[in-house]
Amino acid sequence: MAKPTFQVPELQEYLEIPSVTPGTMAHSKPFYSKPEFQKPLGFPEELVDNWQEKAIVKMGELLTKYKSVQVFLDACVKCGSCTDKCHYYIGTGDPKNMPVARQDLLRKVYRRYFTFAGKYFPSLVGATDLTKEVLDDWYSYFHQCSQCRRCSVFCPYGIDTAEISMFARELMDHIGVGQKYCNEIICKVHKIGNNLGLPGPALADTLEGLEEDVLDDTGVDVKFPLDQEGSEILLVTPSADFFAEPHVDGLVGYAKVFHEAGVSWTLSTEASEAANFGMFIGSYENMRKISQRVRKAAKDLKVKRIVFGECGHAWRVAYSFLNTLAGPWEFLDPNYPVPQHICEFTWNLIQEGKLKFDKSQNDDMVLTFHDSCNVARASRMGADPGGQFEIPRNVIKAVCNNYQDMDADTIKERTFCCGGGGGLLTDDLMELRVKGAKPRMEALNNVIKDKGVTHMAAICAICKSQFTKVLPYYGMDMSQIVSVHQLVSNAIVLTGQTDQ
Amino acid sequence: MSTLTIIYAVLFYIATIIFLSGLAFRINKYATTPAPLKIPTTPAPTNKIGVIWRMLKELVLFESLFKGNKWTWAFGLVFHISLFLVLLRHTRYMLPWIPEPIVLLQPFGIYAGITMIAGLLGLWGRRFLVDRVRYISSPSDHLILALLILIALSGLAMKFVVHTDVVGVKKFFSGLMTLNWKELPGDTLLVIHLTLVAILMLIFPYSKLLHAPGVFFSPTRNQIDNPREQHHIAEWAKRLEQGENQG
Ligand code: HEM
Ligand code: HEM
Ligand code: SF4
Ligand code: SF4
């Protein structure tokens, strides 16, 4: 960890709401996209001429496409309920990181050009022209929103700032102002098949290596199939699962579960990525194009079911949007939900008594669970509302003896973002990521001190990468973040296993 | 017919037309703008009855606000319930007959005027005292509160200080509705009350008061959580599928 060039927040015992301190994060902005990452996504290569005019036209067009934004921009009464709910506000005190103030950056322009009050009485309702300063503010602060939806839980109208920042990013992309991190990654997915730009042969290599490792460890020949036509299940998982720590231990967990279940499964080079950054930039078209890869892979490989690996926003797109973007799934087995989450899959098997565990293998840890925002507030698992909270916990408790929850105000629907979601997981936003992680770090630190927790499990590739980076800033160790299926992998007793 | 009567008759016709047509225009916009994706804030109900229940809790109890901020919730709920009672009591100026429940409600209507002001003052206080709420308040947020307080004060003054000819008021408004104009009682407090009410009606469809219709159309609250079971697609999104043979 390099020495930080900014002040790392101090962790407190109780959540402290900072007082309003304008401008503390005005300098924060991610690298701008480059022409070569704009064009393939269908966006202008650089800031277009007469961009104000074009932005307003685009805004009008988008307003007719998204009920959410149209209603949200009108309905906010400035009640203030959301103002202290955003981890970026809590971590920075910058008032433009209060959800309603973030919305207002867009709303004041909407009012100016699209409402009677803003056209004729701008100063009364806080309406302003779209100037270069406003655009700069947009770029800065709509890239300080991880689209975690925490604000939406507490708003009397359900106003979801994530929708607003997606909308704003889409708007900026269309006048040639893109964000490098997201747009470069989307180019890679389109070109190579995954976010990391890992080509097919390298992937095959990696999987072979994993097979050898598991064989060495357990004496059981657990397969990691790739592009195997006619398999029962297509597994779509974030590409970080192929080599990053602790992600890859989770992948080993999935493979062992599939092995024990006795179902055939396969990964696909075509869809070797669950992530869908099209959502982060608010681009329906790009999100759809990325989703169509999954459909194509499922058809080409003639699978009957689709299962998604541990990833937060990917699960939102998979659970909530995939049917819209790439369905309906008439060619898949109608007896299973499409898609399924790996935790649903594993939990079903556990309930059927098909998996055997030696829980003591995890006795060196006391676990807690971090609810990832997109799983918690934008999707579901299982048949009942809230299954997204219970099922991962059930899986953990089935494989571990020691489990403790964090403070009730920081989990489940009230969970705090890891600080790196929504397309912000890039080194050029390190200060924001560290400060935004504060509420989660605080809650974790408190259970470490009070309940002896040693490790935090997560089911999101972004959360895992973010925590590995950020934990050390707060004096904790990067290895304290683990995958849920890593715990499964530790405890599962494979049929015919030699060691233990 | 006095000039005052003519002015206020015309004013209330205009205010009513703008209020109703403006609102209809907005509601039509909300109703017809598509929601291309399923975005309920989860955990969300998985069927229609569940959604109706969720919406009812938002409308009547301000459930999400309760989770968010207890003070705002308390003041806000006191204000809105009071407003609701006051408006119910006011139907006696508009309806040719008064339904039984509203007769029973009359005495509470008066207290409601007072609690309405209490609620509004509480909400207004937050705009000065809480630095975050101060930051997000623009002049219009203050003015709307002032407007509502003045409406209530002028109304209460008619009740407790200088009585107005309530029967005359009723005749005037029935006259407006039956296109058979009657004289408006000319006392100052009533004129002030009515002027402010007309302003409220005029700004309603152009201000944040749109939260009242808006809340019904919020996709994060009114959508059913069933994306895996139910194929959901917007008209404009269907166009992307055309001319493209899916996989
Ligand atoms: C469907 C009916 C309505 C619902 C569910 C509703 C709900 C709410 C909620 C939850 C708030 C935020 C909390 C608060 O500040 O009180 C609010 C604020 C407000 N409402 Fe309503 N409302 C409704 C109708 C109305 C109407 C008819 C008026 C008109 C006069 C009104 C005027 C206001 C005002 C002025 C505020 C802002 C208070 C402030 O400045 O803090 N509401 N409403
Ligand atoms: C055309 C519409 C309206 C008319 C003709 C009207 C008329 C009146 C009259 C005549 C009174 C005195 C009652 C009495 O002496 O017993 C009154 C009281 C009052 N008015 Fe209005 N008013 C109207 C709209 C409103 C609105 C929209 C509000 C609230 C936003 C409001 C709030 C009040 C309050 C709080 C009182 C005092 C408490 C009460 O008597 O209920 N009025 N109004
Ligand atoms: S969605 Fe999350 S990050 Fe964005 S404003 Fe709301 S609370 Fe903050
Ligand atoms: S909670 Fe909702 S209505 Fe209240 S200020 Fe925030 S966005 Fe506006």
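Quick caveat: nothing in here was measured; it's all calculated off a predicted structure. (Residues numbered from 1 in each chain as written. Chains lettered and ligands numbered in written order. Predicted model: local features only at pLDDT ≥ 70, side-chain atom pairs only at ≥ 80, totals over all residues. Heavy atoms only, no water.)

Asker: Quick question: what am I supposed to make of the overall build of chain A here?
Answerer: Across its full length, chain A carries 22 helices and seven strands. Relative to the globule expectation of 23 Å for 500 residues, the C-alpha radius of gyration of chain A, 23 Å, shows essentially globular dimensions. Expressed along its principal axes, the backbone C-alpha trace of chain A runs to roughly 75 × 50 × 40 Å. Across chain A, the fraction of contacts at a sequence separation of at least 24, relative to all contacts at a separation of at least 6, is 81%. Total accessible area computed for chain A in this model is approximately 16500 Å², and 51% of it derives from carbon and sulfur atoms. Both charge centroids of chain A, one from 53 positive and one from 63 negative side chains, sit 7 Å from each other. (Helix = DSSP H or I, 4+ residues; strand = E, 2+ residues; numbered from the N terminus. Rg over C-alpha atoms; globule rule 2.2 N^0.38 Å. Contact = heavy atoms within 4.5 Å. Areas by Shrake-Rupley, 256 points an atom, 1.4 Å probe, with all protein chains shown as cover. Lys, Arg positive; Asp, Glu negative; His and termini not counted. Charge placed at Lys NZ, Arg CZ, Asp CG, Glu CD.)

Asker: Where do I start with the coordination of the iron atom of ligand 1 in this structure?
Answerer: Each pair of donors in an ideal four-coordinate tetrahedral metal site encloses 109.5 degrees, whereas pairs in an ideal six-coordinate octahedral site enclose 90 or 180 degrees. Residues and elements named next belong to chain B. The coordination sphere of the iron atom of ligand 1, as far as protein atoms go, consists of His 80 (NE2) and His 211 (NE2), spread over 1.9 to 2.0 Å. Around the iron atom of ligand 1 sit six donor atoms, and with donor-metal-donor angles ranging over 86 to 179° the site reads as octahedral. Note that His 80 is positioned in helix α4 (residues 70–94) and His 211 in helix α10 (residues 211–214), a separation of 131 residues in sequence. With relative accessibility at 28%, the residue His 80 sits in the partly exposed group. (Donors = N, O, S within 2.8 Å, 3.2 Å for Na, K, Ca; no water. Tetrahedral: all angles 85-135°; square planar, octahedral: opposite > 155°, others 65-115°. Buried < 20%, exposed > 50% of the residue type's maximum accessible area, 1.4 Å probe, protein only.)

Asker: Explanation requested: the domain arrangement of chain A in the structure shown.
Answerer: Residue and element names in this part refer to chain A. Split into domains, chain A comes out as domain 1 (44–177) and domain 2 (187–491). Opposite the 23 residues of domain 1 that make contact, domain 2 presents 29 residues. Taking both sides of the interface into account, the surface hidden between domain 1 and domain 2 amounts to around 2100 Å²; carbon and sulfur atoms contribute 56%. Among the residues of domain 1 in contact with domain 2, Tyr 88, Arg 149 and Arg 150 are the three that bury the most area, contributing 24% of the side total. Applying the counting criterion to the domain 1 and domain 2 interface returns zero salt bridges. For the pair domain 1 and domain 2, the number of links is 11 residue pairs in polar contact (both at pLDDT 80 or more). Only α4 (87–92), α9 (150–154) and α10 (161–174) provide two or more residues apiece to the side of domain 1 that touches domain 2. The class makeup of the residues in the side of domain 1 that touches domain 2 is eight nonpolar, seven polar and eight charged. (Domains from an automatic or database assignment. Buried area = accessible area lost by both parts, 1.4 Å probe. Salt bridge = Lys/Arg side-chain N within 4 Å of Asp/Glu carboxyl O. Polar contact = N/O pair within 3.5 Å; in protein donor to acceptor, adjacent residues only side chain to side chain. Nonpolar A, V, L, I, M, F, W, Y, C, P; charged D, E, K, R; others polar.)

Asker: So what exactly am I meant to see when it comes to the interface of chain B and chain A here?
Answerer: One frequent convention defines the size of an interface as the accessible area lost when the parts assemble. Across the boundary between the two partners, chain B contributes 63 residues, which contact 84 residues of chain A. Buried area between chain B and chain A, both sides added, is near 5900 Å², and the carbon and sulfur share of it is 57%. Of all residues in chain B, Arg 132, Ile 136 and Arg 228 of chain B bury the most surface against chain A, accounting for 14% of the area lost on that side. Where chain B touches chain A, the interface holds six salt bridges. Between Arg 380 of chain A and Asp 225 of chain B there is a salt bridge, with the nearest N and O atoms lying 3.2 Å from each other. Where chain B meets chain A, there are 35 residue pairs in polar contact (both at pLDDT 80 or more).

Asker: Whenever I open this one, the environment of Leu 432 of chain A confuses me. Can you help?
Answerer: Inspection of the secondary structure assignment puts Leu 432 of chain A in helix α19 (residues 430–436). With sequence-adjacent residues up to four places away left out, Leu 432 of chain A is seen in contact with Met 25, Ser 28, Tyr 88, His 143, Gln 144 and Leu 424 of chain A.

Asker: Help me out: how do you make sense of the side chain of Ser 28 of chain A in this one?
Answerer: Residue and element names in this part refer to chain A. In this structure, Ser 28 sits in the segment before α1 (35–38). The class of Ser 28 is buried, set by a relative accessible area of 8%. Contacts of Ser 28, omitting those with residues within four sequence positions, involve Ser 140, Gln 144, Leu 429 and Leu 432.

Asker: How should helix α20 (residues 438–451) of chain A be read in this particular structure?
Answerer: Side chains of residues three or four places apart in an α-helix project in the same direction, reflecting 3.6 residues per turn. Residues and elements named next belong to chain A. The end-to-end C-alpha distance of α20 is 19 Å, a good match for the 20 Å that 14 residues give at a rise of 1.5 Å each. With respect to burial, α20 is a largely interior element, 10 of its 14 residues being buried. All of the buried residues along α20 are Lys 438, Pro 439, Arg 440, Met 441, Glu 442, Ala 443, Leu 444, Asn 445, Asn 446 and Val 447. Along its buried surface, α20 packs onto α4, β5 (367–369), α19, β6 (455–458) and α21 (461–470). Count one or two residues on from α20 and you reach Gly 452, which has phi positive near 70°. (Expected span 1.5 Å × (residues − 1).)

Asker: Honestly, the packing of aromatic side chains in this entry has me stumped. Any pointers?
Answerer: Across all of its chains, the model carries 23 aromatic pairs over all chains by this definition. A centroid spacing of 5.7 Å and a plane angle of 55° characterise the contact between Tyr 181 of chain A and Phe 277 of chain A, whose relative ring orientation is tilted. On the criterion of sequence distance, the pair formed by Tyr 181 of chain A in helix α11 (residues 180–192) and Phe 277 of chain A in the loop between β2 (265–266) and α14 (284–300) is long-range, its members being 96 residues apart. For the pair Tyr 181 of chain A and Phe 277 of chain A, one class covers both residues: buried. In this arrangement the basic side chain of Lys 70 of chain B is found over the ring face of Phe 66 of chain B, its NZ or CZ atom lying 4.2 Å from the centre. (Phe/Tyr/Trp six-rings, centres within 6.5 Å; stacked < 30°, edge-to-face > 60°. Lys NZ or Arg CZ within 6 Å of the ring centre and 35° of its normal.)

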